[in-house]
Amino acid sequence: DAGGTPERRSIGSAGAYVFADYQFLKIFSTGARFDWSQAPYGTDEDASGVALFFGWYPVEETIGLRLHYQHTRTEVPGGGAEAVNFIGLQALFSLGPHKAHPF
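Residues numbered from 1 in each chain as written. Predicted model: local features only at pLDDT ≥ 70, side-chain atom pairs only at ≥ 80, totals over all residues. Heavy atoms only, no water.

A word on the environment of Val59
Here is the rule we go by: A run of DSSP states H or I qualifies as a helix once it reaches four residues; a run of E qualifies as a strand once it reaches two. Both are numbered from the N-terminal end. Per-residue accessibility, obtained with a 1.4 Å probe over protein chains only, is compared with the maximum for each type, and a residue is labelled buried under 20%, exposed over 50%, and partly exposed between these values.
One can find Val59 in strand E3 (residues 46-59). Residue Val59 is classed as partly exposed on the basis of its relative accessible area, which comes to 47%.

In structure tokens, the structure reads:
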């Protein structure tokens, strides 16, 4: 506090996300994600984001390319906001045993 006495405070924060993925024609997928979170040091700042993606899996599901767009908006104390747009290309691969299936 102002007098120099230490004080204990407990601050809680929360967050959530929703994710959807739809696969079609065995080699394509599309989907979306929504994220929301509060800052860990106070509840007066939060961030939310929306992401869209399109994926292509030319060799089964072990190798894939995903084009990804994300828009993130951060609310800051005092009523301001910051927005960031992101476009990325992900290379996805997985290794390990899996059951045989026709592709």
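With respect to the packing of aromatic side chains
Under the convention used in this document: When two rings of Phe, Tyr or Trp (its six-membered ring) have centres within 6.5 Å they constitute a pair, described as stacked for plane angles under 30 degrees, edge-to-face for angles over 60, and tilted for the intermediate range. Think of it as a cone above the ring: NZ of Lys or CZ of Arg counts as a charge over the ring if it is within 6 Å of the ring centre and within 35 degrees of the ring normal.
Scanning the model with the defined rule gives 4 aromatic pairs in all. Seen in terms of ring centroids, Tyr22 and Phe24 are 5.9 Å apart; in terms of plane orientation they differ by 15 degrees. Their pairing is stacked. Relative accessible area serves as the criterion here: at 27%, Phe24 is assigned to the partly exposed category. Their ring planes at 25 degrees and their centres at 5.7 Å tell us that Phe24 and Phe28 sit as a pair that is stacked. Directly above the aromatic system of Phe53 lies the positively charged group of Arg66, at a separation of 4.3 Å from the ring centroid.

Details of the sheet that holds strand E4 (residues 63-75)
By definition, the strands of a sheet pair up through backbone hydrogen bonds, in either a parallel or an antiparallel sense. The test is simple: Any two strands with at least two DSSP bridges between them are considered paired. Here an angle of 0 to 180 degrees is reported between the N-to-C directions of two axes, which are lines fitted to C-alpha atoms, with helices fitted over the stretch in contact.
Judged by pairing direction, the sheet is antiparallel, and its 5 strands sit side by side in the order E1-E2-E3-E4-E5 without closing on themselves. Single-partner strands in this sheet number two, and they are strand E1 (15-24) and strand E5 (81-93). For this sheet, the mean inter-axis angle between neighbouring strands, taken without regard to orientation, is 10 degrees. Pairing analysis gives 10 bridges linking E1 to strand E2 (residues 28-38), with the strands arranged antiparallel.

Limitation: the analysis is restricted to geometry and does not speak to function.
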